[in-house]
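Inside the fold
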Amino acid sequence: MNKDNKNLNALRILGIEAVNKANSGHPGIVLGAGPIVYTLFTKLMNLNPKNPSWFNRDRFVLSAGHGSALLYSALHLSGFDLSIEEMKKFRQLNSKTPGHPEFGHTQGVEATTGPLGQGFAMGVGMALAESHLASKYNTDKHEVINHFTYVLCGDGDLQEGVCQEAISFAGRYKLNKLVVLHDSNDIQLDAPVKVAQSEDIQAKFKAAGWNTLKVENGEDLKAIEKAIENAQKSDKPTYIEVKTIIGIGSTNQGTTKVHGAPLGTDITTVKQYFNWNEPEFTIPKEVSDFWKVNVLNRGVAQNDQWDKMFEVYQKENPQLAEQLLKSINKDWNIDLKELEALNKGTEQATRVSSGEVFNLLSKNIPAMIGGSADLCESTKIKGADGNYDFNSKKGRNIMYGVREFAMSSINNGIALHGGLLPVASGFFVFADYLKPALRMSAIMKLQTLSVFTHDSVAVGEDGPTHQPIEQLAMLRSIPNMSVYRPCDMAETIASYYNALNNKNNPSVIIATRQNLKELDHSKTIVDDVKKGAYILSKTDKANITLIATGSEVSLALEVKNELEKNNQKVNVVSMPNMNEFLKQSKDYQDSIIDKKTIRFSIELSSTYGWHRFLGDSGKAYGIDTFGYSAPAGDVIKEIKFTSSEISKDILNHLK
């Protein structure tokens, strides 16, 4: 049907030419899903290639990120800043066309995708952000926020666990501005889909509360367009299954052979099939003109119309407009003195301190939204203004349910959408479930905030399954991740303050279940915490340095007292953020950790990573085994993590 549609075929051919030139990539989806992307871009989506960050644009997420050549082809033809020369450099070093789409690297890419399922979940987050912001800022006269989120996924996406979590979540909250298009070609990398999957996908989506549609022929442009138009009218999220032929037009169409291998000489067969006779990487003027009129010009006109409406909106609703613009620009309202006034010197768990700080920030920052994976009462993180729901969209507490992976991925989507500051919380040991999404936050340099509580074996009776050991080392190992483990209320306040001012990286705050003493800080420590570590207790001519984090900082002070009774001179360093400390100058690091002293680290976690600070003569105190199910005090005694035991061992170590 589309053999002679040159405007569509240009999209397909340019994509497979890029794959062929790179001798690497996935041509099957470029050919098979081309009509879906063509219909979205040229017929239905509102976007402005000359203003890619237009706030009310429709969002398109290629969850099947291996199909990047298809997206790049569409972006080039649409008029985004992606030249034909960049198409020729597909998958090459420093090109704008990397192997999988990268947010912030290539203009028009809304999310970094490739790890299957996560793009789907991020699309859910974008749709939630749209619904919340629309309810908050739209008026009867002006719909300043009114757009759709479109996700293109494949069979592999829908097999991922995070997808199942996200499908359930989106259906429960009736995110009707979300439209998922499934490139349903019945083929995955190893074998036909039926080898690995047998359930009725349509029934699964329907059971989860989705509107479900099906296009039997993926080459039928009118049927695809009609299905999407029907989806736009639904009061539920919509799943559209589009039956396509992977690698259509190639010798191996419909087989695994065309999924992830360049076409090679078979590209000639494909070009003949689609009656394409243009030289390589050449787009005829009539094709360029078509895309310019139907995407670029249309998008510019829609953007201009919105701008004019927003000018009127600003005049008639100055406070709402100002609040919205501040949120879009991440102009958070943070009063440090007001935060510091929360500190009453009370002995309490840092999860309680964290909850008090979060509540104040949430009250003062209308853009702050989030909650926990069914643990609000334990983590003390509960968004303001009631629960978000389909009939109360202004609520800022999101009940994610026990869907940790989706929670973090959804928050990535919220952050990508803009205008909101997403927060997620849970027990620290379950950071394992979130890790792939946290990694994506870091890759995309998104400002997201994750708050983890119950941070050590001091959790006690819940035992090894709930006692984190290796999680701190795991999170600290992620590039671009800022990991705070505060020792008291003062450090908790400083951690939040610095996290919210770090607008181009994800931050994690890790808090205790057990009560901690409020330590004596002689001055404001915001800058100290920003640098990652500082000397909490200094002694002239020290011969020992103790480095501790979180709940073990007060323990280190007790160990110092024990050692000083034995004629030792001790400095105590609090290191609430190892990652940030490692970014400081060597001079600063050496001023905090005196290499002339014998150094010991004290942290109720894996000792992995600590030896870089300790030299050959130092020692790391931690726990490199799994924990125990017993009251916290008994666990601590069992692993000999008391001031008397540690100080005794240090003295023996010095002999």
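Source: prediction; values computed, not measured.

Residues Phe 120, Leu 500, Leu 546 and Ile 602 are the most contacted members of the largest nonpolar core, which totals 139 residues. Top element by residues in this core is helix α6 (residues 118–137). It accounts for 11 residues. Ignoring anything within four residues of it in the chain, the contact list for Phe 120 reads Ser 63, Val 151, Cys 153, Leu 158, Cys 163, Ala 166, Ile 167, Val 180, Phe 205 and Trp 210. Counting residues in each nonpolar core, the second largest holds 64 residues, with Ile 13, Leu 31, Phe 281 and Val 287 among its members.

What follows is about empty space enclosed by the protein. Going through the model one piece at a time under the given rule, you end up with three cavities of 30 Å³ or more. There is about 100 Å³ of room inside the largest cavity. Grouping the amino acids of the lining of the largest cavity by side-chain chemistry returns eight nonpolar, two polar and three charged. As a volume, the second largest cavity reaches approximately 40 Å³. Around the second largest cavity, the lining residues are Ser 408, Asn 411, Asn 412, Ala 424, Leu 438, Ser 441, Thr 448, Leu 449 and Ser 450. Ranked by residue count, the leading element in the lining of the second largest cavity is helix α16 (residues 404–417), at three residues.

Together, Glu 461, Asp 462, Asp 634 and Glu 638 make up a region of like negative charge exposed at the surface. Within the fold, Asp 634 resides in helix α24 (residues 632–638). On the basis of relative accessibility, which here comes to 43%, the residue Asp 634 falls in the partly exposed class.

Examined against the element boundaries, Asn 294 turns out to sit in helix α11 (residues 285–316). Linking Asn 294 and Thr 42, residues 252 residues apart in sequence, is a C-alpha distance of 5.2 Å. For Asn 294, the contacting residues outside a window of four places in its chain are Phe 41 and Thr 42. There is a polar contact of 2.8 Å between the side chain of Asn 294 and the backbone oxygen of Phe 290.

Spatial strand order, β14-β16-β15-β17-β18: five strands in an open sheet with mixed pairing. The open sheet terminates on both sides in strands that have one partner only, identified here as β14 (534–537) and β18 (619–621). Averaged over all pairs of adjacent strands, the angle between their axes in this sheet comes to 30°, without regard to strand direction. As judged from the three bridges shared by β14 and strand β16 (residues 570–574), these two strands associate in the antiparallel manner. By the bridge assignment, Tyr 534 is partnered in β16 with Ser 574. Seen against the sheet, helix α21 (residues 552–564) touches β14, β15 (544–548), β16 and β17 (598–602) and runs at an angle of roughly 160° to β15.

On to the UniProt feature "domain: Transketolase-like pyrimidine-binding" (unreviewed entry) in the protein chain. Feature annotation in UniProt places "domain: Transketolase-like pyrimidine-binding" (unreviewed entry) on residues 348–518, given in this structure's numbering. Secondary structure across residues 348–518 divides into 39% helix and 18% strand, with the first and last C-alpha atoms of the span separated by 8 Å.

Let us look at the pattern of salt bridges. By the definition in use, this model includes 28 salt bridges. Its salt-bridge partner being Glu 322, residue Lys 326 comes within 3.7 Å of it at the nearest N-O pair. Within this pair, Lys 326 and its partner Glu 322 are both found in helix α12 (residues 318–328), separated by four residues, close to a single helical turn. For Glu 322, a relative accessible area of 45% gives the class partly exposed. The salt bridge partner of Arg 485 is Asp 455, with a shortest N-O separation of 2.9 Å. One end of the pair, Arg 485, is in the loop between β11 (482–484) and α19 (489–501); the other, Asp 455, is in the loop between β10 (449–453) and α18 (471–476), with 30 residues separating them in the sequence. Connected through shared salt-bridge partners, Lys 6, Glu 278 and Glu 286 make up one network.

A separate point is the domain arrangement of the protein chain. Structurally, the protein chain comprises domain 1 (6–301), domain 2 (336–510) and domain 3 (532–654). Contact residues are listed per partner, giving 24 residues for domain 2 and 30 residues for domain 3. Roughly 2,100 Å² is buried in total at the junction of domain 2 and domain 3, and carbon and sulfur atoms are behind 50% of that figure. Three residues, Ile 469, Arg 476 and Arg 485, lead the burial of domain 2 against domain 3; their summed loss comes to 32% of the area buried on that side. For the pair domain 2 and domain 3, the interface holds two salt bridges. Glu 552 serves as the salt-bridge partner of Arg 485, at 2.6 Å between the closest nitrogen and oxygen. At the junction of domain 2 with domain 3, the criterion picks out 18 residue pairs in polar contact (both at pLDDT 80 or more). Considering every element that reaches the side of domain 2 that touches domain 3, the biggest residue donor is α18, with four residues. Tallied by class, the residues present in the side of domain 2 that touches domain 3 amount to 13 nonpolar, six polar and five charged.

In this section: the UniProt feature "site: Important for catalytic activity" (unreviewed entry) in the protein chain. According to UniProt, the feature "site: Important for catalytic activity" (unreviewed entry) maps to His 26 and His 259 in the numbering used here. For the residues just named, distributed over 234 residues, the greatest C-alpha separation is only 5.6 Å, placing them together at one site. Residue placement: His 26 occurs in the loop between α1 (6–22) and α2 (27–32). The contact partners of His 26, leaving out residues within four places of it in the chain, are Val 19, His 66, Arg 91, His 259 and Gly 260. Classification of His 259 by relative accessible area gives buried; the value is 12%. Not counting residues up to four positions away in its chain, the partners in contact with His 259 are His 26, Pro 27, Gly 28, His 66, Leu 189 and Ile 246.

So, about the side chain of Ser 450. Tracing the backbone through its elements, the reader meets Ser 450 in strand β10. Judged by relative accessible area, which is 3%, Ser 450 ranks as buried. Once residues within four sequence positions are removed from consideration, Ser 450 is found in contact with Ala 424, Leu 438, Ser 507, Val 508 and Ile 509.

Spatial ordering of the open sheet is given by β1-β2-β3-β5-β4, a layout of five strands whose pairing is parallel. Edge positions in the sheet fall to β1 (59–62) and β4 (211–215), since each of these pairs with one other strand and no more. Pairwise comparison of adjacent strand axes, ignoring direction, gives a mean angle of 20° for this sheet. Relative to strand β2 (residues 149–154), β1 is paired through four bridges, and the arrangement is parallel.

The rules behind the values
Residues numbered from 1 in each chain as written. Predicted model: local features only at pLDDT ≥ 70, side-chain atom pairs only at ≥ 80, totals over all residues. Heavy atoms only, no water. Core = buried A, V, L, I, M, F, W, Y, C linked by side-chain atoms within 4.5 Å. Buried < 20%, exposed > 50% of the residue type's maximum accessible area, 1.4 Å probe, protein only. Helix = DSSP H or I, 4+ residues; strand = E, 2+ residues; numbered from the N terminus. Contact = heavy atoms within 4.5 Å. 1 Å grid on protein atoms, 1.4 Å probe; cavity = no way out; pocket = protein on both sides within 12 Å on 5 of 7 lines; lining within 4 Å. Points joined across faces, edges and corners; volume = space filled by probe spheres on them. Nonpolar A, V, L, I, M, F, W, Y, C, P; charged D, E, K, R; others polar. Patch = residues over 30% accessible without salt bridge, like charges linked within 9 Å, V, L, I, M, F, W, Y side chains within 5 Å. Areas by Shrake-Rupley, 256 points an atom, 1.4 Å probe, with all protein chains shown as cover. Salt bridge = Lys/Arg side-chain N within 4 Å of Asp/Glu carboxyl O. Lys, Arg positive; Asp, Glu negative; His and termini not counted. Charge placed at Lys NZ, Arg CZ, Asp CG, Glu CD. Polar contact = N/O pair within 3.5 Å; in protein donor to acceptor, adjacent residues only side chain to side chain. Pairing = 2+ DSSP bridges. Axes fitted to C-alpha atoms, helices over the stretch in contact; angles between N-to-C directions. UniProt positions renumbered as here; feature names shortened; annotations may be inferred. Domains from an automatic or database assignment. Buried area = accessible area lost by both parts, 1.4 Å probe.

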